[in-house]
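Read off the chains here:
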Amino acid sequence: MAEAETAARSRAPTLADRGILVTRPAAQAEPFCEALESEGARVIRFPVLEILAPSDPTNLRAVLDELDQFDIAVFISPNAVQRVMNLALADREWPAGTAIAAIGNRTAQELRSFGHAPDIAPPRRFDSEALLAEPAMQEVGGKRVVIFRGDGGRELLGDTLRERGATVTFAEAYRRGRPEGDTGDLMYAFSRGQIDIITITSGEGLRNLYEMVGKLGRMWLRKTPLVVGSERIAEIAQELGFKAAVETAEDPTDASMLAAARRLAARLDGGDG
């Protein structure tokens, strides 16, 4: 009888009845939430990033009007793809002479949804360093490169391409903001022990969550296991004093985050973390 019960537990979905906090922006969260719920998880939705229009839309429009003058267009994120492609393809075709580069699988997937698979995309590691290591980004002397991104962000990509002889233009496609949502329900869920795993796909999102929950919430936050979308986010968690288990996904895509959540749940079932 005991063996049968053990076998039944081993066949049970690892995410069944787990309380999982999903922090993606509201407009992007549902497919991931539905995938978790299909495996029996109890999903708590709490967006920690808000995607806003760029602070200067005229600048983006001006860049798009000259799109065919660029040799390479780099997309930093899915949000950049959505904002730029919706504008760029509204009244014209993508210029044949402008190669498309993408950082990350989610960014590449978003480009494909607009009918434009990236010409340059790192197969592994999804950051500026990986893109810069691609052969097509080595000999860029004399080329014009536009980088579509959110407000701020790292300067490594642009600085390195300039050192290699490229002319680089940054175009702000969107801004990230911290939502003004009520944390009452979230704090209640923490206090009742209803959150077993937190999922985070950006460093800025983790910092926002840390600020949004306040001093009391941080006590619970630091004790809750994390699924993160990159090694950099794991490093930020360590900087912020997180003490519980951390599972790093291969990338921030829904599929990779779901696989990482399963791995973390299995670790927790085994007493690791």
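This structure is a prediction, so every number in the text was calculated from the model and none was measured.

Trainee: Any chance you could explain the confidence of the model for the protein here in plain terms?
Mentor: In regions of low pLDDT, the predicted coordinates are not meant to be interpreted in detail. Averaged over the protein, the pLDDT score is 90; the fraction of residues at 70 or greater is 93%. Here residues 1–12 is a poorly scored stretch, pLDDT under 50, and it has zero contacts once near neighbours within four places are set aside; other chains count.

Trainee: Hey, could you run me through the sheet that holds strand 10 (residues 246–248) in this one?
Mentor: The strands making up a sheet associate through hydrogen bonds between their backbones, and the pairing can be parallel or antiparallel. Sheet architecture is open: five strands sit in the order 2-1-8-9-10, paired in parallel fashion. Every interior strand has two partners, whereas the edge strands, strand 2 (42–45) and strand 10, have only one. Averaged over all adjacent pairs, the angle separating strand axes in this sheet is 20°, with direction ignored.

Trainee: I'm lost on the pairing of strand 6 (residues 144–150) in this one. Help?
Mentor: Within a regular strand, side chains alternate between the sheet's two faces. Across the seven residues that make up strand 6, a large majority, six, are buried. As judged from the four bridges shared by strand 4 (residues 72–75) and strand 6, these two strands associate in the parallel manner. Across the sheet, residue valine 74 finds its bridge partner in strand 6, namely isoleucine 147.

Trainee: Honestly, helix 5 (residues 105–113) in this entry has me stumped. Any pointers?
Mentor: Along an α-helix, a turn takes 3.6 residues, which lines up residues three or four apart on a common side. Taken together, the buried positions of helix 5 are Thr107, Ala108 and Leu111. Taken around the axis of helix 5, the buried residues stretch over an arc of 100°, which confines them to a single face. Those residues of helix 5 hidden inside the fold are in contact with strand 4, helix 4 (78–88) and strand 5 (99–102). The first or second residue beyond helix 5 is glycine 115, which carries a positive phi of 85°.

Trainee: Quick question: what am I supposed to make of the packing of helix 9 (residues 203–212) against helix 10 (residues 214–222) here?
Mentor: Between two packed helices, what matters for the description is the angle formed by their axes and the separation of those axes. Following both chains from N to C, one finds helix 9 and helix 10 inclined at 125°, their axes separated by 7 Å at the closest point. Judged by the angle between their axes, helix 9 and helix 10 are oblique. The segment helix 9 lies against helix 10, with Leu209, Tyr210, Glu211 and Met212 engaging Gly214, Arg218, Leu221 and Arg222. For the contact of helix 9 with helix 10, the residue count by class is four nonpolar, one polar and three charged.

What counts as what
- Every chain's residues receive numbers from 1 upward, in the order its sequence appears when written.
- Confidence filtering applies because this is a predicted model: local features only for residues at pLDDT of at least 70, side-chain atom pairs given and counted only at 80 or more, and all residues used for totals across whole chains, interfaces and linings.
- For side-chain calculations, the full set of non-hydrogen atoms in the structure is used, while hydrogens and water are omitted.
- Each residue carries a pLDDT value, the predictor's own confidence for that position, ranging from 0 to 100.
- Two residues form a contact once any of their heavy atoms are found within 4.5 Å.
- Here, a strand pair is defined by DSSP locating no fewer than two bridges between the strands.
- Going along the chain from the N terminus, every DSSP run of H or I of four or more residues is numbered as a helix, and every run of E of two or more is numbered as a strand.
- Lines fitted to C-alpha atoms define the axes, with helix axes restricted to the stretch in contact, and inter-axis angles between N-to-C directions lie between 0 and 180 degrees.
- Throughout this description, buried means an accessible area under 20% of the type-specific maximum (1.4 Å probe, protein chains only), exposed means over 50%, and partly exposed covers the range between.
- The directions considered for the arc are those from the helix axis to the C-beta atoms.
- By the definition adopted for this analysis, an angle is roughly parallel if under 35 degrees, roughly antiparallel if over 145, roughly perpendicular if from 65 to 115, and oblique otherwise.
- Residues are grouped as follows: Ala, Val, Leu, Ile, Met, Phe, Trp, Tyr, Cys and Pro are nonpolar; Asp, Glu, Lys and Arg are charged; every other residue, Gly included, is polar.

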